[in-house]
Structures are given as C-alpha cells and as structure tokens.
Amino acid sequence: MAPLTLWLASSPASAADTLCLPDDKSACLAGTIRSEEDVVPDAELTVTGPKGFEESVTTSETGKWNVKVTELGAYTVTLDEESLGDDLEALDTVGKTNVAKFKTTRAVVIEVRTTNYSGETSWIEYFTKSAISGLRLGLLLALASVGLSLIYGTTGLSNFAHAEQVTMGGLLGYAVINLGGLNLWLGGLIVVIICGFTGWLQDRVMWQPLRRRGLGLIQLMIVTIGLSLALQYVFQYFVGARSVRVVKENPETFNIGFVELTYQSVAAMLISIVVLGGVGYALLYTRIGRATRAVADNPALAASSGIDVDKVIRLVWTASAALAGLSGILYALVTGNIKWDSGMQILLLLFAAVTLGGLGTAFGALVGSIIIGLVIELAPVAHVPGDFKYAAAMLILILVLMFRPQGLLGRAERVG
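Here goes a summary of the coordinates provided. Keep in mind that this is a model prediction, so the values were computed, not measured.

**A word on the environment of aspartate 23**
Alright, step 1. For aspartate 23, the location among the structural elements is in the loop between β1 (13–15) and β2 (27–32).
Alright, step 2. On the accessibility criterion, aspartate 23 (36% relative accessible area) is partly exposed.
Alright, step 3. A sequence separation of 30 residues divides aspartate 23 from phenylalanine 53, and the C-alpha atoms of the two residues are 19 Å apart.
Alright, step 4. Within the structure, the side chain of aspartate 23 is placed 2.7 Å from the side chain of serine 26, a separation counted as a polar contact.

**Description of unusual backbone geometry**
With the exception of glycine, the majority of residues adopt a negative phi angle, and the majority of peptide bonds are in the trans configuration.
Alright, step 1. Positive phi, normally seen in glycine, also occurs at aspartate 42, with a value near 60 degrees.
Alright, step 2. Looking at the secondary structure, you find aspartate 42 in the loop between β2 and β3 (44–49).
Alright, step 3. The phi dihedral of lysine 51 falls on the positive side, at around 55 degrees, and the residue is not glycine.
Alright, step 4. One can find lysine 51 in the loop between β3 and β4 (53–59).
Alright, step 5. On the basis of relative accessibility, which here comes to 74%, the residue lysine 51 falls in the exposed class.

**A word on the sheet that holds strand β9 (residues 105–107)**
Alright, step 1. Pairing within the open sheet is mixed, and its three strands lie in the order β5-β2-β9. Of all strands in the sheet, those bounded by a partner on one side alone are β5 (64–69) and β9. Ignoring which end each strand starts from, the neighbouring axes of this sheet average 25 degrees apart.
Alright, step 2. Sheet topology note: the β2/β9 ladder contains three bridges and is parallel. Bridge pairing in β9 places leucine 29 opposite arginine 106.

**Digging into empty space enclosed by the protein**
One water molecule sets the probe size; rolling that probe over the atoms shows where empty space is left.
Alright, step 1. Counting across every chain of the model gives two cavities of 30 Å³ or more.
Alright, step 2. In this model, the largest cavity occupies a volume close to 40 Å³.
Alright, step 3. Around the largest cavity, the lining residues are Ile151, Asn159, His162, Gln165, Gly199, Gln202, Trp317, Ser320 and Ala321.
Alright, step 4. Mapped onto the lining of the largest cavity, the elements with two or more residues apiece are α3 (162–179), α4 (184–212) and α9 (309–335).
Alright, step 5. Counting residues per element, the lining of the largest cavity draws most heavily on α9, at three residues.
Alright, step 6. Reported here for the second largest cavity is a volume of approximately 30 Å³.
Alright, step 7. Lining the second largest cavity, in full, are Leu148, Tyr152, Leu157, Ser158, Asn159, Phe351, Val354 and Leu359.
Alright, step 8. Among the elements of the structure, α2 (123–155) and α10 (342–357) are those that each provide at least two residues to the lining of the second largest cavity.

Cut-offs applied
Residues numbered from 1 in each chain as written. Predicted model: local features only at pLDDT ≥ 70, side-chain atom pairs only at ≥ 80, totals over all residues. Heavy atoms only, no water. Helix = DSSP H or I, 4+ residues; strand = E, 2+ residues; numbered from the N terminus. Buried < 20%, exposed > 50% of the residue type's maximum accessible area, 1.4 Å probe, protein only. Polar contact = N/O pair within 3.5 Å; in protein donor to acceptor, adjacent residues only side chain to side chain. Pairing = 2+ DSSP bridges. Axes fitted to C-alpha atoms, helices over the stretch in contact; angles between N-to-C directions. 1 Å grid on protein atoms, 1.4 Å probe; cavity = no way out; pocket = protein on both sides within 12 Å on 5 of 7 lines; lining within 4 Å. Points joined across faces, edges and corners; volume = space filled by probe spheres on them.

What follows is the structure in structure tokens.
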C-alpha cells in the first residue's frame, strides 16, 4: 500500500466533472479549456497563489477544471502547452484572477486554438454577413417606421413617443415571457395585443380630445416629446437601468455556408416580411386601407364622402402601436437584451427612414428602413469606424433630401 499511497500523493489533481462548492472559508477557481473546434481534455495546469500555494490540475473529458483555495489574494493559472499535443497551441499560457472574498467561484480564461486556425475573414464573407445583418435591422426598423409614417400621413403629427412603443414591446416581452413563464409565441401575441390597446387608448384619451380642441401640430409634437420622457422614466422605475432579456436561454445557431445565423434572427426576419406584406396588402386592397389612404390624402374630402375620419385615425394609432410593440419584442430577441432607453437610441433611425422614404408613405418608410439598416451594417465594411456608421446613414439622408426633398417615394408638393 505504501507505493500506491506515494503515487496518489504525487499525481496531479484531476478536474473530473465534479462541482467545486465554495463555503465560508474557501473559494473556487474554475474554467474550461477549448479551441474553436472542441473542448480540450487532459490539459495540465498549475495554480499558484498566496503563501506558496501550488496545485496541479488536469482538465476532464469535457475540458473543465476546478481548484478550491482557502486564502484570499491573487492567483495565477499556468497552462503546460506541451500537454495540448501537436495540433493545438495556446494564445496565452497564463491566466490571472483575484479572490477578494470566500464563497465565490472565479472563472479563469486561457485561449487555445488549432495550429491551422486563421482569424482573418475574407471581404466577401464580411460583406455577406454585414448585408444580412443590415437587412435584418432594416426589417425591424420598418415595422416601427411604417406605423410612424401612417400616423404622420393621417394626422400630420411627428410622434416622438413612437420609439417608446418599441421599448414597451421589448419590456412587456420580458415581463410576460421571462418573468411570467409564458410560451414565446403566446407571450409575443399577448404583447402585441397589449401594445395595440395602448395605441387605441392614447388616441381615445389624449389625441382625439386635443385634435377637437384645435391644437396645432407644434403643440401636439411637444406633447409627444413630454409623453416620450414620461414613458422612459416609467420604464426605468419598474425595470431599472439594467438590460433585460426576453428569454433566458442563449439562442441556437446554424450555418449557411460561412454565415452563422440564429433561429431567432431568421424567425424575426420571416415574421417581419409576412407582417409588412400583410400591411401592404391591407393598404392597397381592403376597404379600410383605401379609407386610410383617403384620409391621408385629404381628410376633409374623405369626411364629406362618408368616411369616419376619427375611427380611421384611431385604427391607425392602434395598428401603429401594435407594429411598434412587435418590432420591440423582435428587436429584444435578436439583440439579446432590451433596456429602458433602447427606443430612444433608435428614434433618430426611425425618423431618418421615414424621411428618406417619403413622409406619410408606408412603402417609402419600408424602403427607407431597409436602406438605413444596410448602410449602418455595411459601413464597417467600408472601414467606417465605430459609431460613425450612424453618421454615415445620416449623411446619405442629407444628400438624398438635397436632391429630392420629398424623399424617395414621396410626392413633390408646391411650397408657398
């Protein structure tokens, strides 16, 4: 038994898939060694720390390792690169962390790659990925901007609170699906219905009485700014300044050639296309769609021909709020999070899309949104740095309006 005892004492500790549980007098260091292809088993690491602490550990079959420590302070984890084999190499063999308190687990990251790994991305691959991202962003913007354009077309009002309807959709998705535990599809439908009801309620309680009082567009626009600020603080009161997720799980991915997509992104794009197609069909071929276009063209003439202008406007507010809510929940799913000021961050993009496509035209808002989305995501391909990609979208807007003030699909109007 003596030789066996000596051999066990001299062997490095193995980090088989056992859970390291820290307590009031200890903490855990843990990590997973993996390359871009798979996990790395049987990799040897040495952990050193305060008061001469030193312990060796070997990764398990799933690449995991962990070590329990009983002293506070700085720890260094060193990877033995020779234990990786000939087809793997470490980008950095040393990982460091600081244990500031017990009853915690500290993650230590050491990056490993295969020897034939190349981090370079071809131009065509970069362009394709950015174009798909731009199309996805454009479709999500279009859901909200079409409603914004319809409101402007029927009432002449620039609704600065419309972006908060987008935020409302994402935050309601978090409340109903994440906190409430409802199914994603059922929860999403409930969110859209609730957002549509808020649009109906806004027009019934606020906008219709203000219109009947004869308030001008400037006064109404100031009211929308105040409503926007009020909604932002309401969101912050209930959710706080943190980002929240609609679903807790990380999205699953799949590859089409060299393009990696999530199922949520594809579903969001398909839903956007179907809904926008339905809105376009309704505007062109249904009775209520023709009435909406008549009110947008000439409210007085539409009223004299028997159209109930107030009902049409209320329907527009309801549908626009529902579309914005759908945009919000899809935006939260695609980006992975939503926060109290997410709508404010995309407000300028919504107005840029509506103005670029043509004020008051739903199809113009769709075209403008796609263009803005593509420009934002393709700008880095042209080596436009950081947030300057948003400035690039604004620059295109300015150039288009200099030569075509009515927008791409808007009608030229006589001024003066």
